[in-house]
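Coordinate analysis (summary)
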Amino acid sequence: MAAHDIPDTPDVREKMAQTQQEAVTALGLTPGRVEVWEDGYRAAGAADSTFEWWYFDCQFDDGSTLVVTFSNKPHTDPSGPLTPTVLIIRQLADGSRLHLEPTFPADEFAAATDRCDVRIGPNTVTGDLDHYVLHVEADGIVADVTIDREAPSWRPGAGVSYFDSARTHYLAWVVPVPYGRVSAVIGQGGTTSELTGSAYHDHNWGNHLMGSFLDHWYWGRAHVGEYTVVYVRMTTKGLMGFGELNIPTFYLAKGDTLITDDLLPLRLETSGDVPGPGHQTYPTRMVWSWSSDRGTITMTATEPKLIESLDMGVPRHGIARLLHASEHPMYYDFNADLELDIALDDLTDHVTGRTLYEKMMFR
């Protein structure tokens, strides 16, 4: 059965605004403004039932990339014990890759609640929305990274999506650095490189197995010309009795000015599916369209290059293994060409560049 887009109607907008305002109040947030404490340890008071991660990705001018994720535990086991992990993915311009995911004892994890200040073994990150400093070291790599934000920090509304009628199961998100400038010193393979480029940082936490309520999602970000874009579409497995829903999220800024984060007009059409690893497929063309009385915004992503694929299967036993035998949960990560067309009443532009995006499949 095809998933349904959320209708862009006055009634839907009113209900969504009310829900988000209630969440903003309940979470002690300031409407329309991200504060430093929001990048602190949000699961600290419920760490026994909540996963959390701080994600950073850097695209360097030499064509290489670095992805670092600090996690308190796997998102596949939110009720499990603290299992601090640092994911490190380094890809060089020639395509060679280093993928490390060291796990540390629980007592080697520490995180502040009033700001981003996370330590997992010798790996650390500190930041205040404007400026971040990371130190990463593992077998085969040592990196010192500095990120300076250049686009407004952002969260969509309250930054939380609830997936049950009681609003107890949730996935939350804030984007402290939609776009920043990065400088890094990376030691790898006996050589040391000094690099510059662009960076992105977001922060996620939740308290329920995501595959129990989500079928798949597309997430992406780009900085092209003067523009910073963050785009998402989550597709549920059936939400509160309404069947499968497409839940979009959208952010577009020019320099340090937000153009829109109105999510409801965002739509996605995919085509040209091809087989990928793990019995899944992915599209070779994605067209994201946004239309309102202000005008239209279109993003077209083509020529995706698969740079990462991970088997996200959860170990199952007994009858559960049989019931889920047909599932092949996978994570794909891509670089692709991007065309951004803006035709608004107060802004018209056409720019091209590259986008980093992912397809996460839970089925």
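First things first, this report covers the structure right here in the doc. Treat the numbers as computed from the prediction; the structure is a model and nothing was measured.

**Some points on the packing of aromatic side chains**
- Evaluated as defined, the whole model comprises 16 aromatic pairs.
- When the centroid spacing of 5.3 Å and the interplanar angle of 75° are considered together, the rings of Tyr41 and Phe109 count as edge-to-face. Linking Tyr41 in the loop between α1 (10-27) and β2 (51-60) with Phe109 in strand β6 (residues 109-111), this pair joins segments that are 68 residues apart in sequence. With respect to class, Tyr41 is no different from Phe109; both count as buried.
- Taking 6.4 Å as the distance between ring centres and 85° as the angle between the ring planes, the aromatic pair formed by Phe56 and Phe70 counts as edge-to-face.

**So, the nonpolar core**
- Residues Leu66, Phe70, Tyr132, Leu134, Val145 and Ile147 are the most contacted members of the largest nonpolar core, which totals 45 residues.
- Counting residues per element, this core draws most heavily on strand β12 (residues 170-188), which supplies seven residues.
- If we ignore the near neighbours within four places in the chain, the residues touching Phe70 are Glu52, Trp53, Trp54, Phe56, Thr85, Val86, Val118, Ile120, Asn123, Thr124, Val125 and Leu134.
- Within the second largest apolar cluster, 35 residues are counted, among which are Ile89, Ala151, Val232 and Leu263.

**Comments concerning unusual backbone geometry**
- A positive phi angle, near 80°, is found at Leu129, a position not held by glycine.
- Structurally, Leu129 is set in the loop between β8 (123-127) and β9 (131-138).
- What makes Leu129 buried here is its relative accessible area of 7%.

**A closer look at the pairing of strand β13 (residues 191-206)**
- By the bridge criterion, ten bridges tie β2 to β13 in an arrangement that is antiparallel. What sits directly across from Trp53, in β13, is Asn204.
- Of the pairings in the sheet, the one linking β12 to β13 comprises 14 bridges and is antiparallel in character. Paired with Gly180 across the strands is Ala199, a residue of β13.

**Focus on the environment of Leu66**
- Relative to the helices and strands, Leu66 resides in strand β3 (residues 65-71).
- Here Leu66 falls in the buried class, since its relative accessible area comes to 2%.
- Between the alpha carbons of Leu66 and Phe56 there is a distance of 8.2 Å; along the sequence they are ten residues apart.
- Leaving out residues up to four positions away in the same chain, Leu66 has contacts with Phe56, Asp57, Cys58, Phe60, Ile88, Ile89, Arg90, Ile141, Ala143, Val145 and Ile186.

Conventions used here
Residues numbered from 1 in each chain as written. Predicted model: local features only at pLDDT ≥ 70, side-chain atom pairs only at ≥ 80, totals over all residues. Heavy atoms only, no water. Phe/Tyr/Trp six-rings, centres within 6.5 Å; stacked < 30°, edge-to-face > 60°. Helix = DSSP H or I, 4+ residues; strand = E, 2+ residues; numbered from the N terminus. Buried < 20%, exposed > 50% of the residue type's maximum accessible area, 1.4 Å probe, protein only. Core = buried A, V, L, I, M, F, W, Y, C linked by side-chain atoms within 4.5 Å. Contact = heavy atoms within 4.5 Å. Pairing = 2+ DSSP bridges.

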